[in-house]
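What follows is each chain in one-letter form.
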Amino acid sequence: IIKGLENGVIGMKAGGQRRILVPPSLGYGDPQFSTTFPELKDKVMTFEVELTGLRYGNDLDAPVAIYHDETLGAGKETLCGHVVKIDYQLISPQKKILFANKVPLVFHIGSGGVPIGLERSIIGMKKNGVREITIPSNLLVIKSTSRLPASLVLAKDTPAIFKVTLLEILENKQ
């Protein structure tokens, strides 16, 4: 499935309807799909979607992190495999800052050094972009040694809300 359509249904509920505009970079202009429909590789596509139901593959897929961009940023988009530098805050639902990093966090997207919901939600950000990300507790799993401070441990079944600024894409480890 093309990335733009996949991203466009995030947050929908069964029975919901949405018009999704997909830019070429998230559609058939993506190198992995450019030969599928070459006549569409430079086209913005519009999809009218009705979500008839939900099915989850495993616990890491359900539910999903929900995010919205406060600032889009500029330049290339982050991908799995990039090493990124971010500033972040953990905030309450009332927008109170619970924790703010003092030193930018550097990590390799896909390495499991930060919660998987945070890793997945950084993908697609651009330099200087600001994104608020609500991560359900099941996506706060960290696969390897954490790059986050121990003080960020939350109560079981408590979602986390991060406000993230992408400072830089340092390199591509793919």
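The structure under discussion appears in the preceding block.
Residues numbered from 1 in each chain as written. Predicted model: local features only at pLDDT ≥ 70, side-chain atom pairs only at ≥ 80, totals over all residues. Heavy atoms only, no water.

Caption draft 1: Spatial organisation of the nonpolar core. Of all hydrophobic cores here, the largest spans 22 residues; its most connected members are Val84, Ile86, Phe107, Leu118, Ile122, Phe162 and Val164. If you list the elements that add at least two residues to this core, you get strand E4 (82-91), strand E6 (105-108), helix H2 (116-122), strand E7 (130-135) and strand E8 (160-172). Ranked by the residues each element gives to this core, the list is headed by E8, at 5 residues. For Ile86, the contacting residues outside a window of four places in its chain are Asn101, Pro104, Leu105, Phe107, Ile122, Val164, Thr165, Leu166 and Leu167. Counting 11 residues, the second-largest nonpolar core is a separate cluster that includes Leu5, Met12, Leu26 and Tyr28. (Core = buried A, V, L, I, M, F, W, Y, C linked by side-chain atoms within 4.5 Å. Buried < 20%, exposed > 50% of the residue type's maximum accessible area, 1.4 Å probe, protein only. Helix = DSSP H or I, 4+ residues; strand = E, 2+ residues; numbered from the N terminus. Contact = heavy atoms within 4.5 Å.)

Caption draft 2: Quick look at the packing of aromatic side chains. Throughout the structure, instances matching the rule amount to 3 aromatic pairs. Aromatic side chains Tyr28 and Phe37 sit 5.1 Å apart centroid to centroid with 75 degrees between the ring planes, which places their arrangement in the edge-to-face category. An aromatic cluster of three or more residues is present, and its members are Tyr88, Phe99 and Phe162. (Phe/Tyr/Trp six-rings, centres within 6.5 Å; stacked < 30°, edge-to-face > 60°.)

Caption draft 3: Focus on the pattern of salt bridges. For the structure shown, the criterion picks out 5 salt bridges. Lys85 is paired through a salt bridge with Glu168; the nearest N and O atoms lie 3.9 Å apart. A residue pair is termed long-range when its members are at least 10 positions apart, and Lys85 in strand E4 and Glu168 in strand E8 qualify at 83 residues. Judged by relative accessible area, Lys85 falls into the partly exposed class, the value being 25%. (Salt bridge = Lys/Arg side-chain N within 4 Å of Asp/Glu carboxyl O.)

It is worth stressing that arrangement in space is one thing and function is another; only the former is reported here.
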